[in-house]
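Letter by letter, the chains look like this.
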Amino acid sequence: MIWNRDIETMSRAALAELQAERLRSTVDRVYRNVPFYRDRFDRAGVAPGDVREVEDLSRLPFTRKTDFRDQYPFGLFAVPREDVVRVHASSGTTGKPTIVGYTRADLETWAEVCARSLAAAGAVPGDVFQNAYGYGLFTGGLGMHYGGERMGLTVIPVSAGNTERQILLLQDLRPRIFACTPSYALALAEALAERGIDATGLGLATLILGAEPWTEEMRGRIEAAFAAHAVNIYGLSEVIGPGVSCECVEVKHGSHVFEDHFLPEIVDPETGEPKAPGEIGELVLTSLTKEALPIVRYRTGDLCSLDLEPCACGRTLARMSRIVGRADDMLIIRGVNLFPTQVEAVLVEFADLSPHYRLLVRREGELDAIAIEVEVTAELHGRAAESGLEPLRRDIGRRLAGVTMLTNVDIRFVAPGTLPRSEGGKLRRVVDERKPS
Ligand code: DLL
């Protein structure tokens, strides 16, 4: 169902008018109430009156994560602290978290966009909704919680983790809607399989997954495991939390951005110049209605593209593609932009490979050289002599060239568990020896 039909299906022309009006008011408010913005605008030589239409946005300077650090904790707030009825936080660029705040009206807006997201994902009032995003300073739990209540769902505020309890509630309360991170959805599917529980018989209709990057391949696995839809939800604390955009269950091809509240742009991560629809670049967001923490041209660091065509579901809101990488992860190898996620997408196609890999980049003379080290499965490692791996190596090389346009990639197979891992068990995906570290 479409939660707010008037807005979500409005003509692009009417939407642009609404956005322009809200943009003017936002720019005016931040100029008057936030010394940080006043100073930035003054230095860029733009006055609030210069921004009349959405197209004028590009005259304004960008805001970055580091600005939150410099203005820690409340420097970017546009209302007196007493009007802030809730704060959340996300991890910062240094030891300090990023603190974000909400007025009562902001919480209303947030519940509205989360209700729209739940509806887009296929929830209808009266559904049981198990919310396995973390409750607390993280925005996922409480954001989706109030969206669910706004919609009239029966919300189970189970929070993240505690798989035994998740399974008990799944079996006994039979939610139709389940929300968590994509990696937890996979872990849960495994845990259910280990216990001999048929996940396809739980009666789930949709899993709403986000807060971290995932792939179409993961969607396929999760949908098969639960015999349910898996839809993508996107958001970030600095802008509001979950509910900046969400896929519709009918089409599942790009997340509808709630553009009456959040204005998206795609820019070249290097130059900041705008990118055309369909082109990948860095997502930049401007809030249009937020009170406590309005944000102007925030560089999310997330790389994706925008599709402005109307969707078969009836919504006219722009759709953002999956996040294909982070602006800070992008490698340029012999002039070709490469994201570790592209390599990962190729590697997971091969059953003999594990998803554990790293990219090694260095300079050989004037040229960039790239190697991929990937752990093979224990089975292949035990059975194949090095020479027997040649056809596999060739096939991977061919697929990589098709997906990334990169040729001459040195593919090295290593034994399971041998790539160096950090304390948290995470692999450093990229070792770029071209950069001074
Ligand atoms: O992760 C908000 C959220 C909660 C979104 C629950 C969706 C569901 P932060 O902790 O501030 O907020 O992290 C935001 O996570 O800039 C992206 O890099 C990444 N991210 C969030 N959703 C997705 C997604 C929440 N669907 C950062 N796909 C963002 C890929 C995502 N990356």
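For the structure itself, consult the block above.
Residues numbered from 1 in each chain as written. Predicted model: local features only at pLDDT ≥ 70, side-chain atom pairs only at ≥ 80, totals over all residues. Heavy atoms only, no water.

What follows concerns the overall build of the protein. Summing up its helical and strand segments, the protein has 12 helices and 21 strands in all. A compact globule built from 437 residues should have a C-alpha radius of gyration of about 22 Å, and the protein, at 23 Å, falls within 12% of that. The principal-axis extents of the C-alpha atoms in the protein amount to approximately 70 × 60 × 40 Å. Looking at the 437 residues of the protein, the share that counts as buried comes to 52%. Of all intrachain contacts in the protein linking residues separated by at least 6 positions in sequence, the fraction that spans at least 24 positions is 65%. Only carbon and sulfur atoms are counted for the fraction: they give 51% of the accessible area of the protein, which is about 19100 Å². In the protein, the 51 positive side-chain charges and the 62 negative ones have mean positions that sit 2 Å from each other. (Helix = DSSP H or I, 4+ residues; strand = E, 2+ residues; numbered from the N terminus. Rg over C-alpha atoms; globule rule 2.2 N^0.38 Å. Buried < 20%, exposed > 50% of the residue type's maximum accessible area, 1.4 Å probe, protein only. Contact = heavy atoms within 4.5 Å. Areas by Shrake-Rupley, 256 points an atom, 1.4 Å probe, with all protein chains shown as cover. Lys, Arg positive; Asp, Glu negative; His and termini not counted. Charge placed at Lys NZ, Arg CZ, Asp CG, Glu CD.)

On to the site of the ligand, then. In the vicinity of the ligand there are 20 residues, among which A211, N232, I233, S237 and D302 approach most closely. Taken by itself the ligand offers 610 Å² of open surface, and the protein chains cover 88% of this. Elements that contribute at least two residues to the shell around the ligand include exactly α6 (139–151) and β7 (229–236). Counting residues per element, the shell around the ligand draws most heavily on β7, which supplies 5 residues. Considered class by class, the residues forming the shell around the ligand number 9 nonpolar, 7 polar and 4 charged. (Near = heavy atom within 4 Å. Nonpolar A, V, L, I, M, F, W, Y, C, P; charged D, E, K, R; others polar.)

A few words on the layout of surface pockets. A volume near 580 Å³ is recorded for the second largest pocket. Looking at the second largest pocket, it is lined by 25 residues, and the ones nearest its centre are V54, E55, L263, P264 and E265. Where the lining of the second largest pocket is concerned, the elements lending two or more residues are α2 (12–33) and β10 (262–267). Take the lining of the second largest pocket: its biggest share by element is 6 residues, from α2. Here the lining of the second largest pocket is built from residues that sort into 15 nonpolar, 2 polar and 8 charged. (1 Å grid on protein atoms, 1.4 Å probe; cavity = no way out; pocket = protein on both sides within 12 Å on 5 of 7 lines; lining within 4 Å. Points joined across faces, edges and corners; volume = space filled by probe spheres on them.)

So, about the environment of A47. Counting through the fold element by element, A47 comes out in the loop between α3 (35–44) and α4 (65–70). Taking C-alpha positions, A47 is 55 Å from G203, a pair spaced 156 residues apart along the chain.

What follows is about the packing of aromatic side chains. Scanning the entire structure with this criterion turns up 6 aromatic pairs. Centroid distance F68 to Y298: 5.8 Å. Interplanar angle 85°. Geometry classified as edge-to-face. You can see F68 sitting in helix α4 and its partner Y298 sitting in strand β12 (residues 298–304), a full 230 residues away along the chain. There is no split in this pair, since F68 and Y298 are both buried. Clustering of aromatic rings is evident, with ring pairs tying together Y31, F36, Y37 and F41. Cation over ring: R299 sits above F62, and NZ or CZ is 4.6 Å from the ring centre. Positioned above the aromatic ring of W214, the side-chain terminus of R322 is 4.3 Å from the ring centre. (Phe/Tyr/Trp six-rings, centres within 6.5 Å; stacked < 30°, edge-to-face > 60°. Lys NZ or Arg CZ within 6 Å of the ring centre and 35° of its normal.)

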